[in-house]
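# Chains, contacts and geometry: an overview
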Amino acid sequence: MFTNFGYIMKMDKNQAQNNSSTSLFKALIISVLSVFSTLVFAQNNSPEALQIPSFADLAEIEQISVVNVSSIYETEERDIDPRIEEFFEGIPFPIPSPHQRQRPSQSFGSGFVIPCEYQKLCSEGNTSLVITNYHVVRDTSEVLVKLSDFREIKATVVGYDELSDIALLSIEASGLRPVRLANNLNIRPGDWVFAIGSPFGFDYTVTSGIISAVDRAIPGSTYTPFIQTDVAINPGNSGGPLFNLKGEVIGVNSQIYSRSGGFQGISFSIPISIVSNVVNQLVEKGKVSRGWLGVQIQQVTYDVSQTLGLSRPAGALVAQVIPGSPAQKGGVQVEDVILEFDENEIIRSTDLPKYVGQVPAGSTRKLVVWRNNQTVTLNITIDELATEPEQPRTREDDGLRDSDGFVPRINIAVRNLTEEEREIINSDGVYVISVARGPAFDVGIRRGHVITRMNQTIIEDVESFESIVAGLPANRPILVQVFQGDSPTLLTIRIDE
């Protein structure tokens, strides 16, 4: 392939006429030499850069194992447009009352056939198992699986796990070709991968790209470390397989990051190791169990690491210890930094949940934490994560209290907590009733927050808060525990004096 090189030059008319042939010859020589040197450099220094893999043979083989999953569900339909009701609201003559009626709707996704190695499901040899996303079959009354030979078969939902977004289906069909599941996820950013699915209903669409990141944490998926790729994934791809260059499934395509609703270069897949564990538990136990430690954590920032004496910003900073949890029983404290769990190093705070979630309830594991400028080893007996965690309670603001004082050093006014507020957060502290521009405002403290700890000291009431603030050192970060509702956060505040 030759490249056209353009040159922009300024010259008068006579120069252009006299030197046109010379300039043309020079430009041609430079172009040829440039292309030649580029090819020689690529050949001598990076031969792989010119070799783009073809996925044609693999796609032809593997698409036989990919299926289209369609779900039938009921939606409510009103026979009067809500905008018409709003328009006639208050007008003194009657309009017909709206009626709700159920209307069947259909959604589409993808899936793939897996080896049926479970005796309780596959004893008769006529059952095939299909993996897809849970959100593809959620709240459905009927699930249909369309095979590569155009057969449509009604599927049974064997089980599902909402936290990992995985569903296991069974269909009565024999002779199907299952995919090969990767036994070892030896993947790195830059590896080539490809996907097969049904975006927007276009069956057996093949897209390819590279792995962008591994073990990616995304909001709302605490227990799943995702594979991030730049493979084009769109609505309808959900539940389909992500393949490596060996034709092995390494993940289930699940989510995209998009501001438009369509693909924008970032897609996420659930690692097949997570999927296999979920499927095994669904078949054997009918549900998925996960370990539970009982802490709320956040990332260790540079300021936090400097405040606590850590050599680098790594680990999971404990913002809250749930009362009665395994963490509390095992001696974990607020402001501990968890460095290791079960001999697994915790680099990012998002590393901890995935390790804890894989531990069976009742097992005892070693926890290494950083506390008071030294490491402390704790033995924690892990409990089981509740499938339906208790919803957080909210606290009503009972208004300002004029009698409470203003703490000028950080420009904040606080009051004592009520008994009800203490019960909600299970702690003493002070309630923030106003914040002016200053150190507290700059780190995000706002009216309605509750401050419970500052500079590794528990705040009992307004008087103790004022005393602690007065003794804070200047020009260095100080840890502050703040509750918004019943959710704690550790902030670093700095007073410049």
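Provided above is the structure to which this section pertains.
Quick look at the structure, then. Note that the structure is a prediction, hence the values are computed from the model and not measured. (Residues numbered from 1 in each chain as written. Predicted model: local features only at pLDDT ≥ 70, side-chain atom pairs only at ≥ 80, totals over all residues. Heavy atoms only, no water.)

This part takes up the packing of aromatic side chains. Under the counting rule described, the total for this entry stands at five aromatic pairs. A ring pair is formed by F194 and F243, whose centres lie 5.0 Å apart and whose planes are at 20°; its orientation type is stacked. Taken together, the positions of F194 in strand 8 (residues 192–197) and F243 in strand 11 (residues 241–243) put the pair 49 residues apart, joining distant regions of the chain. Accessibility classification places F194 together with F243 in one group, the buried group. Ring pairing ties together the aromatic residues F55, W192, F194 and F243, which thus form one cluster. The aromatic ring of Y431 is capped on one face by R415, whose charged end is 3.9 Å from the ring centroid. (Phe/Tyr/Trp six-rings, centres within 6.5 Å; stacked < 30°, edge-to-face > 60°. Helix = DSSP H or I, 4+ residues; strand = E, 2+ residues; numbered from the N terminus. Buried < 20%, exposed > 50% of the residue type's maximum accessible area, 1.4 Å probe, protein only. Lys NZ or Arg CZ within 6 Å of the ring centre and 35° of its normal.)

Here we take up the pattern of salt bridges. Pairs can form between side chains of opposite charge whenever their charged atoms are close. For the structure shown, the criterion picks out 16 salt bridges. Between E335 and R453 there is a salt bridge whose closest N-O contact spans 3.4 Å. On the criterion of sequence distance, the pair formed by E335 in the loop between helix 9 (326–330) and strand 17 (337–341) and R453 in strand 25 (residues 450–454) is long-range, its members being 118 residues apart. The exposure classification of E335 matches that of R453, with both residues buried. A salt bridge links E419 to R422, with the shortest nitrogen-to-oxygen separation between them at 3.2 Å. Of the two residues, E419 and R422 both sit in helix 11 (residues 419–425), three residues apart, roughly one turn of that helix. Take E419: its relative accessible area is 56%, and that puts it in the exposed class. In the salt-bridge network here, residues are joined through shared partners; they are D215, R348, D351 and K354. (Salt bridge = Lys/Arg side-chain N within 4 Å of Asp/Glu carboxyl O.)

Among the structural elements, Y257 can be located in the loop between strand 12 (248–256) and strand 13 (267–271). By relative accessible area, Y257 is classed as partly exposed at 43%. Linking Y257 and F268, residues 11 residues apart in sequence, is a C-alpha distance of 8.1 Å. For Y257, the residues in contact, after removing those within four places along its chain, are Q264, I266 and F268. (Contact = heavy atoms within 4.5 Å.)

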